[in-house]
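Spelled out, the chains give:
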Amino acid sequence: SPLTATSAAGIVRAELTIDRPTIATNSSNSSNSDQQGSACPFLASLPSPPLVKVPWHKRFQQLFAPQQFQAAVLAGHSGSMVQVPKQIGFTNFVMPNDPELVREAFAGELSGTTLQSNIESFVNLMGEHSLVLVQEPRHKYLRGLLQPAFSGSAIAGYLPAIQQLVTRHLAEWEAAGPAGVQGYDGLKLLTYEFIISITLGRVYSRQEVLSLSEHYKHWTLGFLAWPW
């Protein structure tokens, strides 16, 4: 049976949370047989939206050209929503294709306009003082405070700390041996520690870095799953 506006809005609302349920799977739909079913009984009882095949290289539009990405995903579909699969680090999510459904899903989320800075779930992900959300003239003021930290002379001053950090990680990889090195995860951890220790100037123990990195992974999943 077709989705009603209320039940469809329930799925979209689920997508707005960081620890969101997995999208429900219709077991009779063979095209969705590789999707994990939802642990939520309500969502599990709903039919799955049609799955849209998106070329992997176009998923980057989700971040950098969201309007073009939305147009490409919804092209040729007349239903109330579609499902986009998990690809290259991007999570699966649903995209509404009905203005009434969008209004229903975001009911209570907006504070006057449809700007991202007024959508509460997006503010919760980014932080209310994020440069992504702060409006002028405060945005220009905060950007000016940050610029000296990224000047040529400032970056040159970071080199000893950068070399020390990279040397330590390389030594850990060498000690772990070929079977103990996870290249992708190792590079992600190196990048994360670079950000917090070099860019932010914070000093944490190894265990604290690992713990914070896990929290950041969950934040990233919520960010990429946000219905742009």
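Remember, predicted model here, so these are calculated numbers, not experimental data.

**Notes on the pattern of salt bridges**
Consideration 1: Applying the stated criterion to the full structure yields six salt bridges.
Consideration 2: Measuring nitrogen to oxygen at the nearest pair gives 2.3 Å for the salt bridge that ties glutamate 193 to arginine 168. Of this pair, glutamate 193 sits in helix H9 (residues 183-199) while arginine 168 sits in helix H8 (residues 152-176), placing them 25 residues apart in sequence.
Consideration 3: A relative accessible area of 7% means that glutamate 193 is categorised as buried.
Consideration 4: Here lysine 188 ties to aspartate 185 by a salt bridge, and the two come within 3.9 Å at their closest N and O atoms. In this pair, lysine 188 and aspartate 185 both sit in helix H9, three residues apart, roughly one turn of the helix.
Consideration 5: By relative accessible area, aspartate 185 is classed as partly exposed at 41%.
Consideration 6: Counted as one network, the salt bridges with shared partners bring together Arg168, Glu172, Glu193 and Arg206.

**Looking at the packing of aromatic side chains**
Consideration 1: Across all of its chains, the model carries three aromatic pairs by this definition.
Consideration 2: With a centroid separation of 5.3 Å and 35 degrees between ring planes, the pair formed by tyrosine 192 and tyrosine 216 is classed as tilted. Linking tyrosine 192 in helix H9 with tyrosine 216 in helix H10 (residues 206-225), this pair joins segments that are 24 residues apart in sequence.
Consideration 3: Residues tyrosine 216 and tryptophan 219 carry aromatic rings whose centres are separated by 5.9 Å and whose planes lie at 10 degrees to one another, so their mutual orientation is stacked. One end of the pair, tyrosine 216, and the other, tryptophan 219, are both in helix H10, three residues apart, so they sit about a helical turn from each other.
Consideration 4: Site record: aromatic cluster; members linked through ring pairs are Tyr192, Tyr216 and Trp219.

Rules of the game
Residues numbered from 1 in each chain as written. Predicted model: local features only at pLDDT ≥ 70, side-chain atom pairs only at ≥ 80, totals over all residues. Heavy atoms only, no water. Salt bridge = Lys/Arg side-chain N within 4 Å of Asp/Glu carboxyl O. Helix = DSSP H or I, 4+ residues; strand = E, 2+ residues; numbered from the N terminus. Buried < 20%, exposed > 50% of the residue type's maximum accessible area, 1.4 Å probe, protein only. Phe/Tyr/Trp six-rings, centres within 6.5 Å; stacked < 30°, edge-to-face > 60°.

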